[in-house]
Amino acid sequence: MKQFFDRFLSPARLPFLILCSSILGFILRFWLFSAAVDYKGLLVSGHIADILSWILTAIVLVALLIGTAPLKQANKYRFNFPPFLQGGLGSCLAAFGILITSLVEFMQQPPSTSLLTLLLGLLCAAIMIFTGFCRLKGIHPSPLFHSIVCIYLTLFLFGRYRMWSSDPQLQDYIFELLAIIFLMLATYHRAAFDANFGNRRWYSFFALAAFYFCMVCLPGCSTPPFFGGFAIWMITNLPSLRPMSRTNGKDGSYGTAPLRSKLHRSAE
């Protein structure tokens with residue numbers, strides 16, 4: 001059993017496994033929203049697609065807990081986030097999603113509530129573009145930048161709740177809710193890496209889980225550019241996923257530097 005987990009749930013394989021699971025979850029949710037709506041416009045409870053999507057979600061979370069367990073502390077920023085083209089592009093796509101969502105909400109909501117959303121969205125979009133440039137060039141950004149993005153996601157969640165509170169069905173928006181929560185947690189851990197206090201295991205867990213929920217919530221969600229952009233940012237900005245040996249280095253960290261993940265190696 002241990003050999004099975006070591007082979008199929010190794011940290012380096014997790015991005016590919018979660019990508020496949022996300023595509024399957026997307027298909028199941030698309031099936032649910034296209035074939036399980038009654039005459040009142042409500043989703044049919046107990047539909048097979050809904051049941052399978054929750055079973056898949058449970059398997060994904062357990063697999064992430066097991067697969068990220070070998071990732072020991074290696075909290076230096078430059079160690080985990082070397083210059084990476086795809087990582088920079090992923091940040092820019094997340095900025096595009098934030099900008100589009102903010103502009104749409106500004107046009108649809110009263111100015112008294114949408115103006116703050118627009119200003120925060122513009123600020124976060126600029127921050128994501130700047131951090132994308134930093135990732136492209138290998139520049140170590142300040143922890144303040146991703147902390148602001150985390151605060152924005154918190155306020156975005158409160159704004160979404162105003163809309164969701166009038167929805168009679170939790171299953172309409174539950175995956176959007178989980179996506180935002182995991183995005184908040186992943187961004188918090190990313191800010192910790194910027195301060196050289198990151199945790200590879202938990203950042204990898206929350207980032208891959210956020211990617212999964214962002215992908216699965218796309219069918220039926222009200223802001224596809226937002227979740228699509230953040231999904232790409234999560235999957236392209238993972239830390240090093242190679243487990244380290246247990247021999248301590250001079251700085252008290254574990255072992256020698258791990259190799260880059262497959263996503264990092266593909267850019268070279």
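About the thresholds
Residues numbered from 1 in each chain as written. Predicted model: local features only at pLDDT ≥ 70, side-chain atom pairs only at ≥ 80, totals over all residues. Heavy atoms only, no water. pLDDT = per-residue confidence, 0-100. Contact = heavy atoms within 4.5 Å. Helix = DSSP H or I, 4+ residues; strand = E, 2+ residues; numbered from the N terminus. Buried < 20%, exposed > 50% of the residue type's maximum accessible area, 1.4 Å probe, protein only. Axes fitted to C-alpha atoms, helices over the stretch in contact; angles between N-to-C directions. Parallel < 35°, antiparallel > 145°, perpendicular 65-115°, else oblique. Left-handed = near helix turned anticlockwise from the far one by under 90°. Nonpolar A, V, L, I, M, F, W, Y, C, P; charged D, E, K, R; others polar. Lys, Arg positive; Asp, Glu negative; His and termini not counted. Salt bridge = Lys/Arg side-chain N within 4 Å of Asp/Glu carboxyl O. Expected span 1.5 Å × (residues − 1). Polar contact = N/O pair within 3.5 Å; in protein donor to acceptor, adjacent residues only side chain to side chain. Arc of directions from axis to C-beta.

Caption draft 1: The confidence of the model for the protein chain, seen in detail. With 87% of its residues at a pLDDT of 70 or more, the protein chain shows a mean pLDDT of 86. In this model, residues 247–268 is a region of pLDDT below 50 whose contacts with residues beyond four sequence positions or in other chains number 45 contacts.

Caption draft 2: Seen up close, the environment of H189. Mapped onto the elements of the fold, H189 is located in helix α8 (residues 174–194). Residue H189 is classed as buried on the basis of its relative accessible area of 14%. Counting along the chain gives 13 residues from H189 to W202, while the straight-line C-alpha distance between them is 7.5 Å.

Caption draft 3: Fine view of the packing of helix α3 (residues 48–67) against helix α9 (residues 200–216). α9 packs onto α3 with a crossing angle of 160° between their chain directions and a minimal axis gap of 10 Å. Overall, the two elements α3 and α9 adopt an arrangement that is roughly antiparallel. Every pair of crossing elements has a handedness; the one defined by α3 and α9 is right-handed. Between α3, through S53, L56, T57, V60, L61, L64 and L65, and α9, the contact on the second element is made entirely by R201, W202, F205, L208, A209, Y212 and F213. Residues belonging to the contact of α3 with α9 are distributed by class as follows: 11 nonpolar, 2 polar and 1 charged.

Caption draft 4: Geometry of the side chain of R29. Residue position: R29 is located in helix α2 (residues 14–35). D50 is the oppositely charged side chain nearest to the buried, salt-bridge-free R29, at an N-O distance of 4.2 Å. Apart from the residues within four sequence positions on either side, R29 is in contact with D50, S53, Q171, D172, F175, V216 and P219.

Caption draft 5: Quick look at unusual backbone geometry. Positioned with a positive phi, N196 is a non-glycine residue whose angle comes to about 65°. According to the relative accessible area criterion, N196 is partly exposed, its value standing at 26%.

Caption draft 6: Structural view of helix α10 (residues 224–236). With 13 residues, α10 should cover 18 Å at 1.5 Å per step; its first-to-last C-alpha distance of 18 Å lies within 8% of that length. Within α10, 10 of the 13 residues are buried, leaving the element largely enclosed by the surrounding structure.

Caption draft 7: Inspection of the side chain of Q171 at higher detail. Position of Q171 relative to the elements: it lies in the loop between α7 (143–164) and α8. Given the relative accessible area of 15%, Q171 is considered buried. Here the side chain of Q171 touches D50 through a polar contact of 3.4 Å, side chain to side chain. Beyond its immediate sequence surroundings of up to four residues, Q171 is in contact with R29, L32, F33, L43, V44, S45 and D50.

Caption draft 8: Region of the structure containing the pattern of salt bridges. Counting across every chain of the model gives 2 salt bridges. One salt bridge connects R160 with E105, and the closest N-O pair in it is separated by 2.0 Å. On the criterion of sequence distance, the pair formed by R160 in helix α7 and E105 in helix α5 (residues 85–108) is long-range, its members being 55 residues apart. For the pair R160 and E105, a shared accessibility class is recorded, and that class is buried. Among the salt bridges present, the one from D194 reaches R190, with a minimum N-O distance of 3.9 Å. Of the two residues, D194 and R190 are both situated in helix α8; the distance of 4 residues between them amounts to about one turn of the helix.

Caption draft 9: Region of interest: α3. Spanning 20 residues, α3 covers 28 Å between terminal C-alpha atoms, matching the ideal 28 Å at 1.5 Å per step. Listing the buried residues of α3 in full gives A49, D50, S53, L56, T57, V60, A63, L64 and G67. Viewed along the axis of α3, the buried residues span an arc of 150°, placing them on a single side of the element. Each element contacted by the buried residues of α3 is listed here: α2, α8 and α9.

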